[in-house]
Amino acid sequence: MAEFKVIAKLLKLKGMKVTGVSFHRERVVRIGVKPFKNGCRCPECGRRGTIVRQRPEPRLWRDVPVGGWKVFLCFTPREIRCATHGRIEENIPWAESGARVTLRYEYLMLRYCQRMTQKAAAELLGVSASTLSEQLHRSIERRRSSHRLRGLRMLGIDEVSYCKRHKYATLVYDLERAVVVWIGRGRGRETIDSFFENRLSSGQRARVQAACCDMSEAYMGAIREHCPNAKLVLDRFHVVKAINDAVDEVRKEQWRQADVSQRKALKGLRWLLYRHSSTRSRRETRTLQALERGNRRIYRAWRLKDELEQLWHYQAPWAARKFLKRWTTAALRSRLEPMRKLARTLRRYQDGILAFVSTRLTNAVSEGINRIVKIVKNRASGFRDLPPFADLIYLTVGDVDIPAQISSRFRTL
Ligand SMILES: [Zn+2]
């Protein structure tokens, strides 16, 4: 019938024949279709099979909505016998086998979820947020399930919080390709062990050349145990953060002891103390120098921090080692407990810190990824559970370009 051809053309139902259209309540339209090529092909090998049985019930696939109508494709797949694959359900060209959405719906959903909140995406697709979340989860699982990790030489490990009540997940990055390769619940030793044991073969573990992490015993221990040939590098940004925290400890201590008039002088120092020397204005430098008279303890802590910045500029490991030794000696003599504690930590982990000088490896790439992860998290205003969060991380910064797995024939935006 001519009007069915018009509908097929209008809705771009390529490779399908429209057999009927019916309208239902709640703005649902069902379009009866069948594969255009006189079908019954095996989904595994594409060869034609003989029909064994007709399913009793038609099946529905959700398609892209049109003009406020929720569109469903309707077809009754047949069971066929393939010479190679035996009894099997015929190939459905518009959807993955077992999926309840069409490929072009899936593509649109993945693209929307990369770019906007799931709530907005659900609205545009005409489904509830929880339905969308399930569809997304199934799609990502299906598309990642056959994926194997390859060529991992430089890896980074970091933690990320995903819930207001401080739940943590561990992210593993491929630092060369700047992607997330794995997400696991928790940040303890068993979490990271399960990555090395279940996702990498012993050959792959041996091929890891360097691994970057923070000063967490769990991560460091796992790298030492599983990656015999990897150089352990402590992430520079985490070391800098530890120093900043120690300086802030000193500041807080002084704030607690200060009286009202002294507190006036300490106001507004917090962020100033964090600032890197290269981004400081002249006025800020003067304020910090005035501290020398105002509060000697904070001043000394800040000076120590400022001096340590030099460490990252060294090219020769031996010179860096010498510098770090001198610095920790000075910090240990400082009579500032937080700085002394930090100096002891840095001494304990100095090999990992100095490994930066020879490898220049940092999780800086992961800082970029983490920024995106944070955007994803804020967009959803937090996640109650890990899987929906992990789905979005894999979708936006994962090692598989998930939408690209869908054949270009179904990519319409
Ligand atoms: Zn076959």
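So, how was this worked out
Residues numbered from 1 in each chain as written. Predicted model: local features only at pLDDT ≥ 70, side-chain atom pairs only at ≥ 80, totals over all residues. Heavy atoms only, no water. Donors = N, O, S within 2.8 Å, 3.2 Å for Na, K, Ca; no water. Tetrahedral: all angles 85-135°; square planar, octahedral: opposite > 155°, others 65-115°. Helix = DSSP H or I, 4+ residues; strand = E, 2+ residues; numbered from the N terminus. Buried < 20%, exposed > 50% of the residue type's maximum accessible area, 1.4 Å probe, protein only. Contact = heavy atoms within 4.5 Å. Polar contact = N/O pair within 3.5 Å; in protein donor to acceptor, adjacent residues only side chain to side chain. Phe/Tyr/Trp six-rings, centres within 6.5 Å; stacked < 30°, edge-to-face > 60°. Lys NZ or Arg CZ within 6 Å of the ring centre and 35° of its normal. Pairing = 2+ DSSP bridges. Core = buried A, V, L, I, M, F, W, Y, C linked by side-chain atoms within 4.5 Å. Salt bridge = Lys/Arg side-chain N within 4 Å of Asp/Glu carboxyl O. Axes fitted to C-alpha atoms, helices over the stretch in contact; angles between N-to-C directions.

Enquirer: Looking at this structure, how should I read the coordination of the zinc ion?
Expert: Ideal geometry at a metal centre gives angles of 109.5 degrees when four donors are arranged tetrahedrally and 90 or 180 degrees when six donors are arranged octahedrally. Here the zinc ion is held by Cys42 (SG), Cys45 (SG), Cys82 (SG) and His85 (ND1), and the distances to it run 2.0 to 2.3 Å. With 4 donor atoms in place around the zinc ion and angles of 103 to 116 degrees between them, the coordination shape is tetrahedral. For the zinc ion, all donor residues lie on one chain, and their spacing in sequence is C-x2-C-x36-C-x2-H. Placement of cysteine 45 in the loop between β2 (28-35) and β3 (50-54) and of histidine 85 in the loop between β6 (78-82) and β7 (86-89) is noted, with a sequence separation of 40 residues between them. Residue cysteine 45 is classed as partly exposed on the basis of its relative accessible area of 31%.

Enquirer: Any chance you could explain the environment of tryptophan 61 here in plain terms?
Expert: Mapped onto the fold, tryptophan 61 is located in strand β4 (residues 59-62). Here tryptophan 61 is in contact with Val71, Phe72, Leu73, Phe75, Pro77, Ile92, Trp94, Ala95, Ala99, Arg100, Val101 and Thr102, once residues within four sequence places are set aside. Of the polar contacts made by the side chain of tryptophan 61, one reaches the backbone oxygen of alanine 99; its length is 3.3 Å.

Enquirer: Whenever I open this one, the packing of aromatic side chains confuses me. Can you help?
Expert: Each aromatic ring pair is specified by the distance between its two centres and by the angle formed by the two planes. Going through the model one piece at a time under the given rule, you end up with 9 aromatic pairs. Judged by centre distance (5.4 Å) and plane angle (40 degrees), the ring pair of tyrosine 314 and phenylalanine 323 falls under tilted. Among the aromatic residues, those joined into a ring-pair cluster are Trp61, Phe75 and Trp94. For arginine 187, the ring lying beneath its charged end belongs to tyrosine 168, and the centroid distance is 3.7 Å. The ring of tyrosine 349 carries the charged tip of arginine 348 above its face, separated from the ring centre by 5.2 Å.

Enquirer: Help me understand the pairing of β2 in this model?
Expert: Regular strands place their side chains on alternate faces of the sheet. Taking burial as the measure, the 8 residues of β2 include 6 buried ones, the bulk of the element. Taken together, the 8 bridges between strand β1 (residues 16-24) and β2 define a ladder with antiparallel strand orientation. Pairing of valine 18 across the sheet is with valine 33, part of β2. With antiparallel pairing between neighbouring strands as the criterion, β1 and β2 make up a hairpin whose turn holds 3 residues, including glutamate 26 at a positive phi of roughly 55 degrees. Where β2 and strand β5 (residues 70-75) come together, 5 bridges link them in parallel fashion. Bridge pairing in β5 places arginine 30 opposite phenylalanine 72.

Enquirer: Would you mind going over the nonpolar core with me for this structure?
Expert: Note that soluble globular proteins tend to have their nonpolar side chains buried in a common cluster. If you look at the biggest cluster of nonpolar residues, it comprises 107 residues, and the most contacted ones within it are Ile183, Phe195, Phe196, Leu311 and Phe389. In this structure phenylalanine 195 touches Leu149, Leu152, Val172, Val181, Trp182 and Leu200, once residues within four positions along its chain are discounted. Among the nonpolar cores identified, the runner-up in size contains 16 residues, and Ala8, Leu13, Val29 and Val33 belong to it.

Enquirer: What's the story with the environment of aspartate 214 in this structure? I'm lost.
Expert: When you line up the elements, aspartate 214 lands in the loop between β11 (210-213) and α7 (217-226). Note on aspartate 214: relative accessible area 9%, which makes it buried. Sequence separation of aspartate 214 and valine 28 is 186 residues, and the distance between their C-alpha atoms is 53 Å. Contact partners of aspartate 214, with chain neighbours within four places excluded, come to Ile157, Asp158, Glu159, Tyr219, Met220, Leu234 and His238.

Enquirer: Any chance you could explain unusual backbone geometry here in plain terms?
Expert: Both trends apply: most residues other than glycine have a negative phi, and most peptide bonds are in trans. One non-glycine residue with positive phi stands out, namely lysine 12, at about 55 degrees. Here lysine 12 shows up in the loop between α1 (2-10) and β1. Notably, arginine 335 is not glycine yet its phi reads approximately 60 degrees, a positive angle. Tracing the backbone through its elements, the reader meets arginine 335 in the loop between α13 (317-332) and α14 (337-348).

Enquirer: I keep staring at the pattern of salt bridges and nothing clicks. Help me out?
Expert: If charged atoms from side chains of opposite charge come close, those side chains can pair. Evaluation of the coordinates by the stated rule reveals 23 salt bridges. Linking glutamate 106 and arginine 142 is a salt bridge whose minimum nitrogen-to-oxygen distance equals 3.4 Å. Taken together, the residues span a long stretch of sequence, with glutamate 106 in helix α2 (residues 103-115) and arginine 142 in helix α4 (residues 129-144) at a distance of 36 residues. Where arginine 177 meets aspartate 174, a salt bridge forms, and the shortest distance between an N and an O atom there is 3.1 Å. Taking the relative accessible area as the measure of exposure, arginine 177 reaches 43% and is therefore partly exposed. Since its relative accessible area comes to 1%, aspartate 174 is described here as buried.

Enquirer: What should I look at first to understand the pairing of strand β10 (residues 179-185) in this one?
Expert: A large share of β10 lies buried, amounting to 6 of its 7 residues. Here strand β9 (residues 168-174) folds back onto β10 in antiparallel fashion, the turn holding 4 residues, of which alanine 178 has a positive phi close to 55 degrees.

Enquirer: Is there a simple way to think about the sheet that holds β7 in this case?
Expert: Hydrogen bonding along the main chain pairs the strands of a sheet, whether they run parallel or antiparallel. Strand order in the open sheet formed by 3 strands is β3-β6-β7, with antiparallel pairing between adjacent strands. Looking at which strands have only one partner, the edges of the open sheet turn out to be β3 and β7. The sheet shows a mean angle of 30 degrees between the axes of neighbouring strands, taken without regard to direction.

Enquirer: It is not clear to me how the sheet that holds β4 should be interpreted in this structure. Could you clarify?
Expert: The mixed open sheet is built from 4 strands, whose spatial order is β1-β2-β5-β4. Looking at which strands have only one partner, the edges of the open sheet turn out to be β1 and β4. The sheet shows a mean angle of 30 degrees between the axes of neighbouring strands, taken without regard to direction.

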